[in-house]
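Each chain, written out:
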Amino acid sequence: MSLLSVRNLLSVRDLSVGYESPGAVAVPAVKGVSFELAQGEFVGLVGESGSGKSTLGLAITRLAKAPARITGGSILFDGTDIAALSAENLRSQRRGGFAMVPQSGMNSLNPVRTVRDHFYDIFRAHGHVSVHDRLTRARELVGKVELPATVLDRYPGELSGGMRQRATIALALSLEPRLMVFDEPTTALDVLVQQAVMATIRQLQKAENFTAVLISHDLGIVLETTQRVMVMHDGAIVEDAPSRDILLRPQHEYTRMLLSHYGDPRADVVSVPGIESRAPEAGSAATASRPTRSAREGRAALETLVVDGVSKVYPRPRRGEQPVTAVNDVSFSLEPGQSMALVGASGSGKSTIAKLITGVERPTSGSIVFGDLRVDAIRRRDLKRLHREVQMVFQDPYTALNPLHSVEYILTRPVLNYSTLRGADARRRVLELLDTVGLTPVEQFAAKLPHQLSGGQRQRVVIARALASDPQVIIADEPVSMLDVSLRAGVLALLENLRQTFGVSMLYITHDLLSARLVTDQIMVLNRGSVVESGETSSVLRNPRDEYTIRLLDAVPNPGRADVA
Amino acid sequence: MTDTTIKKTFASRRGTAPLLMLGRAFAALWSSGKARIGLVILGLFVLVAIFAPLLAPYSATDNSFTRGDSGSPAHLLGTTGAGEDVLSQLLYGTRISLFVGIAAGTLATLVAVLVGLSWGYARTLVGDVINFVVNLFLVIPALPLMIVIAAYLHDGGIGMIVLVVVITGWATGARVLRSQTQTLRSRDFVTAAVFSGESSARVVFREILPNMTSLIAGSFLASAVGAILGEAGLEFLGLGDVNTVSWGTMLFWAQNSNAMLTGQWVLLFAPGLCIALLAASLALINFGVDGLSNPRLREGATR
Amino acid sequence: MNFVLKKVGLLLLTLWAAITLNFLLPRLMPGSPADAAIAKLAQSGPVSASVQAAIKAQLGVPTGNIWEQYVSYLGNLAHFDFGVSFTFFPQSVSSLISAALPWTIVLVGVVTIVSFVCGTLLGVLAAWKRGTWLDTLPTVGGAFVSGFPYFWTALLLLFFLGYVAGLFPRSGAYGATVTPNFSIEFFGDALYHSILPALTILITSLGGWVLGMRNNMINTLGEDYVTFAEANGLKPKTVALRYAARNALLPNLTAFGLALGAVVGGSLLVERVFNYPGLGYLLYNAVTNQDYPLMQALFLMITVSVLLANFIVDILYGALDPRTRR
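Owing to the predicted nature of the structure, the values given are computational and were not obtained by experimental measurement.

Conventions used here
- Residues numbered from 1 in each chain as written.
- Chains lettered and ligands numbered in written order.
- Predicted model: local features only at pLDDT ≥ 70, side-chain atom pairs only at ≥ 80, totals over all residues.
- Heavy atoms only, no water.
- Helix = DSSP H or I, 4+ residues; strand = E, 2+ residues; numbered from the N terminus.
- Contact = heavy atoms within 4.5 Å.
- UniProt positions renumbered as here; feature names shortened; annotations may be inferred.
- Salt bridge = Lys/Arg side-chain N within 4 Å of Asp/Glu carboxyl O.
- Buried < 20%, exposed > 50% of the residue type's maximum accessible area, 1.4 Å probe, protein only.
- pLDDT = per-residue confidence, 0-100.
- Polar contact = N/O pair within 3.5 Å; in protein donor to acceptor, adjacent residues only side chain to side chain.
- Nonpolar A, V, L, I, M, F, W, Y, C, P; charged D, E, K, R; others polar.
- Buried area = accessible area lost by both parts, 1.4 Å probe.
- Axes fitted to C-alpha atoms, helices over the stretch in contact; angles between N-to-C directions.
- Left-handed = near helix turned anticlockwise from the far one by under 90°.
- Pairing = 2+ DSSP bridges.
- Phe/Tyr/Trp six-rings, centres within 6.5 Å; stacked < 30°, edge-to-face > 60°.
- Lys NZ or Arg CZ within 6 Å of the ring centre and 35° of its normal.
- Patch = residues over 30% accessible without salt bridge, like charges linked within 9 Å, V, L, I, M, F, W, Y side chains within 5 Å.
- Areas by Shrake-Rupley, 256 points an atom, 1.4 Å probe, with all protein chains shown as cover.

Trainee: Would you mind showing me how to read the side chain of D484 of chain A here?
Mentor: The topology assignment puts D484 of chain A in the loop between β17 (473-477) and α17 (485-502). In this structure D484 of chain A touches E48 and S49 of chain A, once residues within four positions along its chain are discounted.

Trainee: Explain the UniProt feature "domain: ABC transmembrane type-1" (unreviewed entry) in chain C here, please?
Mentor: UniProt feature "domain: ABC transmembrane type-1" (unreviewed entry): in the numbering of this structure it lies at residues 101-313 of chain C. Strand forms 0% of residues 101-313 of chain C and helix 81%; the C-alpha atoms that close the span are 20 Å apart.

Trainee: In this structure, what is going on with the pattern of salt bridges? I would like to understand it.
Mentor: Side chains bearing opposite charge may pair, as long as their charged atoms lie close to each other. Under the defined criterion, the tally for this structure stands at 34 salt bridges over all chains. Here R499 of chain A ties to E496 of chain A by a salt bridge, and the two come within 3.2 Å at their closest N and O atoms. Note that R499 of chain A and E496 of chain A are positioned in helix α17 at a spacing of three residues, about one turn of the helix. Summarising the burial analysis for this pair, R499 of chain A and E496 of chain A share the class buried. A salt bridge links D314 of chain C to K7 of chain C, with the shortest nitrogen-to-oxygen separation between them at 3.6 Å. Of this pair, D314 of chain C sits in helix α12 (residues 292-320) while K7 of chain C sits in helix α1 (residues 2-28), and the two are 307 residues apart along the sequence. By relative accessible area, which is 29% here, D314 of chain C ends up partly exposed. Linked through salt bridges whose partners overlap, the residues forming this network are R95, R137, E140 and E176 of chain A.

Trainee: Is there a simple way to explain the confidence of the model for chain C in this structure?
Mentor: Interpretation of this model should avoid reading the predicted coordinates in detail wherever pLDDT is low. Chain-level pLDDT for chain C is 85 on average; 96% of the residues reach the 70-or-more range. At the level of chain-chain contacts, confidence expressed as ipTM amounts to 0.84, with global pTM at 0.83.

Trainee: It is not clear to me how the interface of chain C and chain B should be interpreted in this structure. Could you clarify?
Mentor: It is common to give the size of an interface as the accessible area that goes away when the parts come together. Contacts between chain C and chain B engage 60 residues on the former and 52 residues on the latter. Applying the counting criterion to the chain C and chain B interface returns zero salt bridges. Our count for the contact surface shared by chain C and chain B stands at three residue pairs in polar contact (both at pLDDT 80 or more). Every element with two or more residues in the side of chain C that touches chain B is listed here: α1, α6 (133-145), α7 (150-164), α8 (184-221), α10 (236-274), α11 (279-288) and α12 of chain C. Of the residues belonging to the side of chain C that touches chain B, the class tally is 39 nonpolar, 16 polar and five charged.

Trainee: I would appreciate a short explanation of the interface of chain C and chain A in the present structure.
Mentor: Contacts between the two partners involve 26 residues from chain C, matched on the other side by 30 residues from chain A. Together chain C and chain A conceal approximately 2,400 Å² of surface at their shared face, both sides included; 57% is due to carbon and sulfur atoms. Taken together, the connections running from chain C to chain A amount to one salt bridge.

Trainee: Hey, could you run me through the packing of helix α6 (residues 142-152) of chain B against helix α7 (residues 157-169) of chain B in this one?
Mentor: Between two packed helices, both the angle of their axes relative to each other and the distance between the axes serve to describe the pair. Residues and elements named next belong to chain B. Viewed as axis vectors pointing N to C, α6 and α7 meet at an angle of 140 degrees, and their least axial separation amounts to 10 Å. The chirality of how α6 crosses α7 is right-handed. Within the contact between the two elements, α6 uses A142, L145, M146, I149 and A150 and α7 uses M160, V164, V165 and T168. For the contact of α6 with α7, the class distribution of residues is eight nonpolar, one polar and no charged.

Trainee: Sorry if this is basic, but what is going on with the sheet that holds strand β3 (residues 42-46) of chain A here?
Mentor: Within a sheet, adjacent strands bond to each other through the backbone by hydrogen bonds, running parallel or antiparallel. Residues and elements named next belong to chain A. Strand order across the open sheet formed by six strands is β6-β7-β8-β3-β9-β10, with mixed pairing between neighbours. Taken across any chain shown, the strands that pair with only one partner, and hence form the sheet edges, are β6 (98-101) and β10 (236-242). Across the sheet, the axes of successive neighbouring strands diverge by a mean angle of 15 degrees, strand direction being ignored. Pairing geometry for β6 and strand β7 (residues 179-183), over four bridges, is parallel. Counterpart to V101 in the pairing with β7 is F182. Against the sheet, helix α9 (residues 253-260) touches β3, β9 (228-233) and β10, its axis set at about 105 degrees to β9.

Trainee: What's the story with the packing of aromatic side chains in this structure? I'm lost.
Mentor: Geometrically, a pair of aromatic rings is defined through the distance of the ring centres and the angle of the planes. Within the structure shown, the criterion is met by 27 aromatic pairs over all chains. Of the aromatic side chains, those joined through ring pairs into one cluster are W103, Y174, F186, F187 and Y276 of chain C. Seen from the ring of F445 of chain A, K448 of chain A lies directly overhead, with NZ or CZ sitting 5.4 Å from the centre. The ring of Y163 of chain C is capped by R170 of chain C, whose NZ or CZ atom sits 4.3 Å from the centre of that ring.

Trainee: Hey, could you run me through the confidence of the model for chain A in this one?
Mentor: Residues and elements named next belong to chain A. Taken residue by residue, chain A gives an average pLDDT of 86. The fraction at 70 or more is 91%. Here helix α10 (residues 282-288) stands out as the least confident element of chain A, with mean pLDDT 43; helix α3 (residues 115-126) is the most confident, with 95. Predicted confidence for residues 1-6 stays below pLDDT 50, and this span has zero contacts to residues more than four positions away or in other chains. Confidence over residues 280-301 falls short of pLDDT 50; this stretch has 33 contacts with residues more than four positions distant or in other chains.

Trainee: Would you take a moment to explain the sheet that holds strand β1 (residues 8-19) of chain A for this structure?
Mentor: All names here are of chain A. Read across the sheet, four strands follow the order β2-β1-β4-β5 without closing on themselves; strand pairing throughout is antiparallel. Either end of the sheet is taken by a strand with one partner, and the two such strands are β2 (27-38) and β5 (80-81). In this structure, β1 lies alongside β2, joined through eight bridges in antiparallel fashion. Residue N8 lies in a different strand from β2, and its bridge partner there is A38.

Trainee: Explanation requested: the UniProt feature "transmembrane region" (unreviewed entry) in chain C in the structure shown.
Mentor: The UniProt entry lists residues 100-128, 140-165, 190-211, 253-274 and 294-320 of chain C under the feature "transmembrane region" (unreviewed entry), expressed in the numbering used here. Spanning residues 140-165 of chain C, this segment combines 81% helix with 0% strand, and its end C-alpha atoms are found 28 Å apart.

Trainee: Would you take a moment to explain a nonpolar patch on the surface for this structure?
Mentor: All names here are of chain B. Residues F26, W30, V40, L44, V46, L47, I50, F51, L54 and L55 make up a contiguous nonpolar surface patch of roughly 960 Å² in combined accessible area. Where the nonpolar patch is concerned, the elements lending two or more residues are α1 (2-30), α2 (33-50) and α3 (52-55). Top contributing element to the nonpolar patch by residue count: α2, with five residues. Its place among the elements puts I50 in helix α2.

Trainee: Teacher, can you tell me more about unusual backbone geometry here?
Mentor: Of all residues except glycine, most have a negative phi; of all peptide bonds, most are trans. Residues and elements named next belong to chain A. Look at the link from T440 to P441: it is a cis peptide, with omega at 0 degrees. Inspection of the secondary structure puts P441 in the loop between α14 (423-436) and α15 (442-446). Located in the positive-phi region is D329, a residue other than glycine, with phi close to 50 degrees. Mapped onto the elements of the fold, D329 is located in strand β12 (residues 324-334).

Structure (structure tokens):
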């Protein structure tokens, strides 16, 4: 038995983890999982939300806390069953044992202690670094994650998200672990930062030769990084194979489904399930075949949204700092029925533009005109008129619906506010909207409360609400970034389909170039508030000219590019 | 009329949903051991207050008995220095404390909700002024302010006490509710309601307000406790109407008739215990309410 | 430094508002407190024109120019001149207050700090040992005791420990046989007299700090940085104190500042029960005799003391939280 497991650093046998609540049956999250990790191996653990991957990661580092409990099986770390260790034994095992880099690096550091204190706390707890070597060692560790030594004197609140995530990695590294578990280490970070942090993790793993597990919802990132991938679905590992095999010869249908949602936005033809591939010339053809306004209940002709030389400067956040220019001299026009992408990393000003167009905030200079409305100087009482025509689809379906209102209430309100329909007619309209977004049987969905819906269904309700006023423009702010990969295509296809059927114009705000390629004709790339490149989506993405666009394209996780040789 | 049908569907939803929610909230409260004890104690006090005339052996103001009786079959808890039955006074006194707690608690919470919500939702310069006023009321010691106001409006009775408690007690709740309003205001569903063409009032009262029911309940319970203790304190100092029968005035008379020297400890002990029990029951219920709004504080959610 | 300056500015503004509130209060009240006060004073002897003017400046007359009264009120305040008390005629209000203030500051100040420290430590223990008797006893006990009216705890202790057991003196701040001076004998006697009032404030205010700290700490124990500290194998004591408790202390300190007013208010009633010669006892006498000049001055003194204490708490908070220093 022990002879067999000698070359394996970690050996998990029939591990089960359940969530227990008093007076209720335990809900299994991990169901009898078994796997081995060889010394020095870099393994990915992929799954969508609720697959049990994070629970498994916490269990193998013995960090699962109530209500989660290990209900069965063993975790042999270097021959010792750590599932049965006492608290103090476990604590001392953590040095030179197993370390964890948690999901949200934002909150993993104690806000009232400096980074240096964090290192010293660890050194003191294990006594493996002598008092007069502490500073040298801490400097060396932050150097390994490419941070300057000055961060040691900083408080977590003074660091950027990427720096904090690097600091947590350095702290975990200070344990000199043989196994490191990274739980979604870059999820909360901006695309470009995410790419840089992942590069650091890869280099570290090669240099230090620890065994590593990368937990992620993003198969692309995992395939780019790891040698072997375990795919988790519904509490079980459904496929466990070398990365190359996962990419080229996926066995399980779930893996195949995940893979099908990746693509290269630079390719000549791009498609994911549910969205037809767009030929390079499709953009111009689509513009020509726009449905006319007459299809839309005889309302006035569609208006063009004209944004001209708009800037937004926020007052300096603190004394002694510079005012922040969120948007800098941006001009564009959104033609009737057009679909335009606004892409950029977080902080590029794309969400600010959405706020300016919808009258939520006012530009510092420049003009925004929609029909007879001067949006840049809109009066309070005109806001309702604007919102009737310009609607919004929000990023997070979990906060965009009031948890206390039924779907029917949520959809009825805009119908009552924006149309003359009342009573049974209004209700008919609500059911029609539900049908439009594919939530059938409509009667059933109308009666539901948001918590009874899945993320994808919630986002469909959000879209139905945006359609309720029969608007001319829909602004979709990262509408799929909070959804699981498998659900994204469906929602995108719905948006695209609605645009073509009703002829609404769409401003699609995203950091995800692949989806921009799939659903838009025109694109604008924003960097620090300024447009650095714009044009037809397919030509811009296939032949990017600006340095920043190229960097964004390089940051797109792409299994096809993975180094699986 | 089609209009009425849809109104009916909403009316029925409005009618049932809050009731359902109330029921669910009660069940959740009941499942917490501490809150359950609080609810039982509070329930007993409410019953006593309602049925005081049936439960009390004598009238509370009847002073025809032997003075200073320290307990006999006819007067289980004895009689006061003025010859009234202590048990009857105690039972009737429940009414005053409960009334003050509920009335002052409700009014203070109402002010707190109105100030907290408008202050949290509006983004105007007025906000800074309100901020200052609320902070002022937060740091000014309430009881001395109550004493001073009560001294000017001498012998004002229960209404005066309720008023004084409300003036001094609304600020804490307003602050808590404001910060929650600010949190909720930035949620997408509030922005979405504005995009749905809702008026500001409707956004505040139909979108934001229902999401803070447990905070409002907590704020009510805290102001009710403050009101009950404040009322007792003022009456104990003789600043209320000393002729009403309440736990506070009982203690006032006990102190003034030197119950300590005569060894009538029940006179001192019983009213104070009732005040403490009533206040503690509300504090215990607040434990459960805390658990409703903050899952980490729920019982059984051990580490 | 910016932070401190801002707080000083806010303190000055709040002080001004409190002083103005004190000015407006008697003027907002029905009737004429000033006339009532002058009439009352006339019973003790003839009232000079200057004393009358001073009382009117302080309490207001319906006919006067409010702005002139305000200026005159501020002028008197600057000279620490609050007029004459008619309860303790002919002593001046300011001399009465200066005699009473030290007793209250020492008693309430010291006990409140001790109570906060003990309560916070008990709260840390309760949260760390959640679900055990070390948790249940202080929380349920705390919830129960914090519902006690201060004066009732005082009456109970006075009755059982003062009258029945006869362990402690029942009244006053020092015995009739000692004279206030800087002798060990006097201090010992004063300490002996302060035990019951101190115990009352301690018992009644302790529960609130325990509950507050426990809830805060349960929250911080669920934070990611605590999980990460455990993942790094820090010693349980370090995790509990330097990670969970250290962060839970900050909101508890804010709560301390806000609850200070209530503790001071409660302590005033305690002084009344023990006839302890502090501000509360003086306030009781002023109120029962409708001695408005004394009452107004006392209210102002108490408010200013609480404001200053709050200011100190704010500064302390700033020192403990690196985020406010930016």
